[in-house]
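# Tertiary structure, described
Listed below, chain by chain, are the residues.
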Amino acid sequence: MTQARTLAGLTKQALAEKLSVSPAAIGQFESRVTPPRAELVAEIAQALDMPVGFFYTGRPLGRLDTAAAHFRSLRSTRSADRARAATFVEQVWELCFALEKRIQFPEVDLPIAEPADEVDPVEAARAVRRAWGVPPGPFRHLVATLESKGIVVTILALSNEAVARVDAFSTGSLGRPIVVVTPERARTVYRHRFTCAHELGHLVMHGDVTPGDLQQEREADAFAAELLTPSAEINVVLPKTLRLSELDRIGRSWGVSPESLIRRMQELRPVPESAVRRAYQRLRSANEFQTPEPVAAYRGELPSMLSEGQKLAEQHGFSLVDLADELMWPVSRVREILGAEDTRPRLRLVT
């Protein structure tokens, strides 16, 4: 009941008003002090847009404490929105759990940097590229690579207002690492890729560290920059001066934004601060650099592991409706969690 209410974005007071009961009664139902009578369960299900059976299955099967997730904008994210996002991840995990009874997702292959308090983010990014056999040059098909290493990547399905506050986050506390990107972060492929790389940095470097530290965010940014644009390689191709047309051309080849390349030039070379300010001003005013590059136009950057897993299960008799029935979710909710389609990670039936 708590999970359904949180996903619906309702307070105990708001749900109590819908059901004509007291907020204290809602609290007793959710803490299992007093079970609701059978006829009230039907009203609860209707109010929260869930099948009645959803409330009799002993969920959540996996519980995520918001303190165990790395939120990209922790200080500007309301606790209610963090709770709602964490509940979304609980359902992503439940869906994975249900599918993995029928098909086998890629095994988790996540290099973990140890010890966490001495991690060099640049060295951690280099270690990931080596461990995963990423060839020199641009990191192609980043999201598809993450999924092929057993990391679930999903786009958060919440209201626009809540999404704007949540931004992006990741967690490894449920067993299978999960990276959550918001639609806003997925609006352009460059921001999407950097966000996914940033969250991978948290999973690699900060698994045993309490989330929320600004230093962790800086380390994750440094990890993402080195993962996508290794310093030894990008320094060779960067122009000698901050020429936006050249940075835009290089960015399209490497899958990063001109802004990120300006930052890389600052990190790797002595660039006058005045030149950097002028470059950012020109970038904001130049129309030719304002056109967003859609994620869907880049193969290997939209999440697909969950949807492809369901397709494979369906080929062997386990339909979308069957999955919804097992989870006790509306079919629309299953479709929402499954998300978009793109490349196909290698999956096989469980025998």
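Our structure is the block above this text.
Residues numbered from 1 in each chain as written. Predicted model: local features only at pLDDT ≥ 70, side-chain atom pairs only at ≥ 80, totals over all residues. Heavy atoms only, no water.

Here we come to the overall build of the protein. The helix and strand inventory of the protein stands at 17 helices and 6 strands. Put simply, of all contacts in the protein between residues at least 6 apart along the chain, 74% involve residues at least 24 apart. By element, 50% of the accessible surface of the protein is carried by carbon and sulfur atoms, the whole surface being about 16500 Å². (Helix = DSSP H or I, 4+ residues; strand = E, 2+ residues; numbered from the N terminus. Contact = heavy atoms within 4.5 Å. Areas by Shrake-Rupley, 256 points an atom, 1.4 Å probe, with all protein chains shown as cover.)

So, about the pattern of salt bridges. Summed over all chains, the structure comprises 16 salt bridges. The partner of R126 in a salt bridge is E226, with the nearest N and O atoms 3.1 Å apart. With R126 in helix α6 (residues 121-131) and E226 in helix α10 (residues 214-228), this pair connects stretches of sequence that are 100 residues apart. Residue E336 pairs with R333 through a salt bridge whose shortest N-O separation is 2.4 Å. With E336 and R333 both in helix α17 (residues 331-338) and 3 residues apart, the pair spans about one turn of that helix. Overall, the relative accessible area of 36% leaves E336 in the partly exposed class. With a relative accessible area of 10%, R333 lands in the buried category. Salt bridges here are not isolated pairs; linked through shared partners, they connect E123, R126, E226, R264 and E267. (Salt bridge = Lys/Arg side-chain N within 4 Å of Asp/Glu carboxyl O. Buried < 20%, exposed > 50% of the residue type's maximum accessible area, 1.4 Å probe, protein only.)

Covered by surrounding structure in strand β4 (residues 168-171) are A168 and S170 together with F169 and T171, the residues of both alternating faces. Pairing of β4 with strand β5 (residues 178-181) involves 4 bridges; the strand directions are antiparallel. Paired with T171 across the bridge in β5 is I178. From the end of β4 to the start of β5, which pair antiparallel, there are 6 residues, and G175 there has a positive phi angle of about 100 degrees. (Pairing = 2+ DSSP bridges.)

Attention shifts here to the side chain of Q91. Here Q91 lies in helix α5 (residues 79-99). Looking at Q91, the relative accessible area reads 0%, which means it is buried. If we skip the residues at most four places from it in the chain, Q91 touches Q3, L7, M50, F54, W329, R333 and I337.

Turning next to the packing of α5 against α17. Close contact between α5 and α17 brings their axes to 10 Å; oriented N to C, the two are set at 95 degrees. One element, α5, and the other, α17, form an angle in the roughly perpendicular class. Contacts from F88, Q91, V92 and L95 of α5 reach α17 at R333, V334, I337 and L338. Broken down by class, the residue content of the contact of α5 with α17 amounts to 6 nonpolar, 1 polar and 1 charged. (Axes fitted to C-alpha atoms, helices over the stretch in contact; angles between N-to-C directions. Parallel < 35°, antiparallel > 145°, perpendicular 65-115°, else oblique. Nonpolar A, V, L, I, M, F, W, Y, C, P; charged D, E, K, R; others polar.)

Distances and angles like these do not, on their own, reveal function.
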